[in-house]
Amino acid sequence: MEWMRAGGQEIAGDLALTQLDLRTSASVFSLPTAISCSSPVFNRRPNLDRMAKAEDTLPQPFPPETWEAVYALARTPGDALGAKVRDALEVVEGALREYGADAVAMSFNGGKDCTVLAHLFLAAKHRLALPPPTRAIYITCPSPFPEVEDFVRASTARYMLDLARRPEPMKDALRDYLDERGEGRGMRAVLVGTRRGDPHGATLSTTNPTTADWPPFLRVHPILDWSYADIWAFLLRLRVPYCSLYDQGYTSLGSIYNTHPNPALLIPSSSSSPSPSVPSPPTSVTISVSPAPPAPLAGWLRQS
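Right, let's walk through the structure included here. Given the structure is predicted, the values throughout are model-derived calculations rather than measurements.

On to the pairing of strand β1 (residues 104–107), then. With burial as the criterion, each face of β1 is covered, one bearing Val104 and Met106 and the other bearing Ala105 and Ser107. Two elements, β1 and strand β4 (residues 189–191), share 3 bridges in a ladder whose sense is parallel. By the bridge assignment for β4, Met106 is matched with Leu191. Pairing analysis gives 2 bridges linking β1 to strand β2 (residues 134–140), with the strands arranged parallel. Looking at β2, one finds that Ser107 is bridged to Ile137.

This is how it looks when you write it as structure tokens:
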């Protein structure tokens, strides 16, 4: 079965769902008719001065309260998103208990899905008292957006990632990463942000071993059954920073030469968000934080 990169291409319905709808309501999501986008290829080049400046202004790691809020949401009675979070945390905790933190990594490319995945991964590690860093691999595409590179660097600091970078193609990148001389040696499981709506996602289970022609490890899909709306509801309710390109109308993040925005998803510069990548919290959402013992949430590795 083919490996799926976190934050991959969205289905047609994803192109139609606007972030404006998500900011307007935490519980009602509209699906207007999909808009055909014929944006020109943008002639963009990485700005080395900007990248150097970004290195000097990296954010601090998230405080412990960040991870406690994730579990508070998971324990909220009658909350549909909370139930999704609880199930995802169960999967992440199970992988960590089964293999140990040193043998579990995550795929991270700066997209919205793997940003949710990173948040869940670090919350589970905090609850299980597993110290940083967190092992991760970033499989890079040719000519990435500078905004993506900036966000990946910032996320590496926020989530305290031990991030290895490998260029595509993916199979070769993973083989090199998992080689006994690579940073991923000893890795037995990799968390991936694939969802049902992604190509080949419909046939996946919560866990799938790689096939014979791929490097051997277990692929773990904590957010497999999350919808596009679930992803944005999580980011917005918990005020999780995300790549600023989404506010420019992009629904997936790839190369500057083949990735174009959807005008319907553009967030005007006059938005009330304090930053293009840090959403304002909904005024109607209140999350109470209470401690919980580090016991499993439920059974591990329930097949979907």
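A few words now on the nonpolar core. Counting residues in each nonpolar core, the largest one holds 58 residues, and the members touching the most others are Val85, Met106, Leu120, Leu191, Trp226 and Phe234. For this core, the element with the highest residue contribution is helix α6 (residues 112–127), accounting for 9 residues. Every residue in contact with Leu191, bar those within four places of it in the chain, is listed here: Val92, Ala95, Val104, Ala105, Met106, Ser107, Leu117, Phe121, Val220 and Pro222. Of all hydrophobic cores here, the second largest spans 14 residues; its members include Ala164, Leu174, Met187 and Trp214.

The final tally for this structure, using the stated rule, is 13 salt bridges. One salt bridge connects Glu93 with Arg127, and the closest N-O pair in it is separated by 2.8 Å. Taken as a pair, Glu93 in helix α5 (residues 80–99) and Arg127 in helix α6 lie far apart in primary sequence, 34 residues in all. A residue is classified by how much of its surface remains accessible, and Glu93, at 1% relative accessible area, is buried. Residues joined in a network through salt bridges with shared partners are Glu93, Arg97 and Arg127.

All chains considered together, the criterion is met by 7 aromatic pairs. Plain terms: the ring middles of Phe62 and Trp67 are 5.5 Å apart, the flat faces sit at 75° to each other, and that makes the pair edge-to-face. For Phe62, a relative accessible area of 17% gives the class buried. On the accessibility criterion, Trp67 (6% relative accessible area) is buried. The ring of Trp214 has Lys171 sitting right over it, with the charged end atom 5.1 Å from the ring centre.

Calculation criteria
Residues numbered from 1 in each chain as written. Predicted model: local features only at pLDDT ≥ 70, side-chain atom pairs only at ≥ 80, totals over all residues. Heavy atoms only, no water. Buried < 20%, exposed > 50% of the residue type's maximum accessible area, 1.4 Å probe, protein only. Helix = DSSP H or I, 4+ residues; strand = E, 2+ residues; numbered from the N terminus. Pairing = 2+ DSSP bridges. Core = buried A, V, L, I, M, F, W, Y, C linked by side-chain atoms within 4.5 Å. Contact = heavy atoms within 4.5 Å. Salt bridge = Lys/Arg side-chain N within 4 Å of Asp/Glu carboxyl O. Phe/Tyr/Trp six-rings, centres within 6.5 Å; stacked < 30°, edge-to-face > 60°. Lys NZ or Arg CZ within 6 Å of the ring centre and 35° of its normal.

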